[in-house]
Amino acid sequence: MQTDTVLSAKYNIPVPRYTSYPTVPVWKDMPDSESWKAGILNQLKNDWQKGISLYIHLPFCESLCIYCGCTKRITTNHAVEEEYIRAVLAEWQLYLDLMPHPPIIRELHLGGGTPTFFSPGNLSRLIEGILAKATLHPAYSFSAEGHPNNSTRAHLDALYRLGFRRISYGVQDLNPEVQQLIHRIQPFENVQKATDEARSAGFSSVNFDLIYGLPAQDLDRLRYSIQQSLRLHPDRVAFYSYAHIPEVSCSQRLIDASLLPSPAQKLELYRHGRSLFMDAGYTDIGMDHFALPVDELYQAWQDGSLHRNFMGYTVQKSSILIGLGLSAISDTGHAFAQNTKSLREYYRTIASGEPAVRKGYFLKEEDKVFRKHILDIACKGHTTLDRAWETQLKEWTLPVLRSLEQDGLVRVDGNEVFLTAEGRPFLRHVCKAFDLHLLRTERARLVGNNFCGRPAYASTL
Ligand SMILES: C[S@@+](CC[C@H](N)C(=O)[O-])C[C@H]1O[C@@H](n2cnc3c(N)ncnc32)[C@H](O)[C@@H]1O
Ligand code: SF4
């Protein structure tokens, strides 16, 4: 067993969050959209009754939070809402045109950017337009992300009326000093008001996003943020490790790196946060998440039915995810596709009558087997090695697992691999043992003695 300092130093390397496998950096430019459209149709034919998941990316924000790694456009011009909604509804129509029957919607998530940038009236127009040509699954679940500074009672009432029951607020950190440094001024009273209003509007689940590893965060400040947040009793908390990638995110270059906690301090922050959540009755669910035992995420983690996709952890298991809007990702189970990140190109492509997919990946048999291992580890903390793939396992996965086992992060028992309690903070590193694409790339880099490649989308710890 290693000390915290050794572990945090050894594992302080960028690793993907595995909301997909293979991960986005492996995907290539889409040759044409015909094979993508055929894949969607094929999957829908097989699994019509299961229903689909929809993700809608609403990219606008009024103010820039400089730590932010999401795809967003900063503007105070709300005239942009109309054109964007028209384009998203036109994109949805392109998918509807492929389908022989109206789709059954099982899960719908509004992400961003800031969905509550849009007026309640425009959000209603968007969702009503989406639902007009679809039917709802009996177990449907709608959720949205909101910024506590601009989620009004009118937004919450409109979303509730449309069927939304889960809301997720970005809280990040509640210390004024940290908020100044990350350019996100958000007093506790705003979070309290948005949370109280969501509950009185009828929302049954409120999630908070918190980040550890931000500039000037120390144990006292983290404790303050968490204790203040817990006063509001969120049903779930996403406790993200701050991903500092200034070479990719320009705004992060404004962050004074000397104020960031060291890898060992970051691990200490995680451990401290985890113990505060556990003491308050929350349980850790897979990667980054904590939930109360009454929450369906906790129950799914317990009974092994938890699932993971681009929206994070979910209890819904529809076999197809369609992403609408800028940078949105779709997943048919056999292929992934991501929309363009250029607003101009998005509008132009949709107007020409084509889906705005820019990058994508069609999974090979090997990808499907190793994706299952990654999902099992991330959703159940356990996987069974598929010996039909012994050659790949011996060459790539087992050496990594042996090293993880020496560090006490996994236990390997014959064909069974178990994540240990010590391994929880390093879950994504355990997933990486099954990421043959990344392991091959790393070896090729070492052989070529080229250490300067840009990391895959990533975060430390
Ligand atoms: C689209 S944003 C949330 C919704 C809304 N825009 C807000 O800020 O309240 C999704 C979440 O990603 C997380 N996030 C963004 N950039 C991050 C980074 N560099 N490292 C870790 N988490 C990050 C934040 O916790 C954020 O709440
Ligand atoms: S954290 Fe949210 S509000 Fe801030 S820039 Fe990112 S998406 Fe926009």
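Only a predicted model underlies this, so the values are computations on that prediction, with no experimental measurement involved.

Any chance you could explain the site of ligand 1 here in plain terms?
The full set close to ligand 1 counts 20 residues, and Tyr67, Gly113, Gln172, Arg184 and Asp209 are the nearest of them. Within the backbone of Gly170, an N or O atom sits 3.3 Å from an oxygen atom of ligand 1. For ligand 1, whose free accessible area comes to 570 Å², the fraction covered by protein is 89%. Taken together, the elements giving at least two residues each to the shell around ligand 1 come down to β6 (135-146), β7 (164-172), β8 (205-212) and β9 (236-241). Its residues assigned to classes, the shell around ligand 1 comprises seven nonpolar, ten polar and three charged.

Explain the sheet that holds strand β18 (residues 382-384) here, please?
The pairing of strands in a sheet comes from backbone hydrogen bonds and takes either a parallel or an antiparallel form. Sheet architecture is open: three strands sit in the order β18-β20-β19, paired in antiparallel fashion. Each having just a single partner strand, β18 and β19 (410-413) make up the two edges of the open sheet. Strand-to-strand twist across the sheet, computed as the mean angle between neighbouring axes with direction ignored, equals 15°. In the sheet, β18 pairs with strand β20 (residues 416-419) via three bridges, with the strands oriented antiparallel.

Just checking my understanding: could you explain the pairing of β6 for this structure?
The side chains of a regular strand alternate, first on one face of the sheet and then on the other. By the bridge criterion, six bridges tie strand β5 (residues 104-112) to β6 in an arrangement that is parallel. What sits directly across from Leu110, in β6, is Ala144. Handedness of the crossover joining β5 and β6 through helix α4 (residues 120-131): right-handed. The sheet contact formed by β6 and β7 spans five bridges and is parallel.

Honestly, the packing of aromatic side chains in this entry has me stumped. Any pointers?
Aromatic ring pairs are described here by two measures, namely the spacing of the ring centres and the angle between the planes. Counting across every chain of the model gives 23 aromatic pairs. Between the aromatic rings of Phe60 and Tyr84, the centroid separation amounts to 5.4 Å while the plane-to-plane angle is 80°, which identifies the pairing as edge-to-face. With a gap of 24 residues between them, Phe60 in strand β3 (residues 60-61) and Tyr84 in helix α3 (residues 80-98) connect regions that are remote in the sequence. Here the two residues Phe60 and Tyr84 agree in accessibility, since each one is buried. Taken together, a centroid distance of 6.2 Å and an interplanar angle of 70° make the contact between Phe277 and Tyr282 edge-to-face. What links up through ring pairs into an aromatic cluster is the set Phe60, Tyr84, Phe117, Phe118, Tyr346 and Tyr347. Lying across the ring of Tyr313, Arg308 places its NZ or CZ 4.6 Å from the centre.

Could you clarify how one ought to interpret the side chain of Asp407 in this entry?
Looking at the secondary structure, you find Asp407 in the loop between α13 (390-406) and β19. Since its relative accessible area comes to 2%, Asp407 is described here as buried. In terms of polar contacts, Asp407 uses its side chain to reach the side chain of Lys10, at 2.5 Å.

Hey, could you run me through the pattern of salt bridges in this one?
Pairs can form between side chains of opposite charge whenever their charged atoms are close. Taken as a whole, this structure holds 24 salt bridges when the rule is applied. Of the charged contacts, one joins Lys394 and Glu390 as a salt bridge, the two residues approaching to 3.7 Å between their closest N and O atoms. Of this pair, Lys394 and Glu390 both sit in helix α13, four residues apart, which is roughly one turn of the helix. Judged by its relative accessible area of 52%, Lys394 is exposed. Look at Glu390 and you get partly exposed, because its relative accessible area is 32%. Between Asp413 and Arg411 there is a salt bridge whose closest N-O contact spans 3.8 Å.

What is the right way to read the environment of Tyr347 from this model?
Note on placement: Tyr347 falls in helix α11 (residues 343-351). Its relative accessible area of 17% is what places Tyr347 among the buried residues. Between the alpha carbons of Tyr347 and Arg86 there is a distance of 9.5 Å; along the sequence they are 261 residues apart. Setting aside chain neighbours within four positions, we find Tyr347 in contact with Phe60, Val80, Glu83, Tyr84 and Ala87.

Criteria and thresholds
Residues numbered from 1 in each chain as written. Chains lettered and ligands numbered in written order. Predicted model: local features only at pLDDT ≥ 70, side-chain atom pairs only at ≥ 80, totals over all residues. Heavy atoms only, no water. Near = heavy atom within 4 Å. Polar contact = N/O pair within 3.5 Å; in protein donor to acceptor, adjacent residues only side chain to side chain. Areas by Shrake-Rupley, 256 points an atom, 1.4 Å probe, with all protein chains shown as cover. Helix = DSSP H or I, 4+ residues; strand = E, 2+ residues; numbered from the N terminus. Nonpolar A, V, L, I, M, F, W, Y, C, P; charged D, E, K, R; others polar. Pairing = 2+ DSSP bridges. Axes fitted to C-alpha atoms, helices over the stretch in contact; angles between N-to-C directions. Right-handed = clockwise from strand over helix to strand, strands pointing away. Phe/Tyr/Trp six-rings, centres within 6.5 Å; stacked < 30°, edge-to-face > 60°. Buried < 20%, exposed > 50% of the residue type's maximum accessible area, 1.4 Å probe, protein only. Lys NZ or Arg CZ within 6 Å of the ring centre and 35° of its normal. Salt bridge = Lys/Arg side-chain N within 4 Å of Asp/Glu carboxyl O. Contact = heavy atoms within 4.5 Å.

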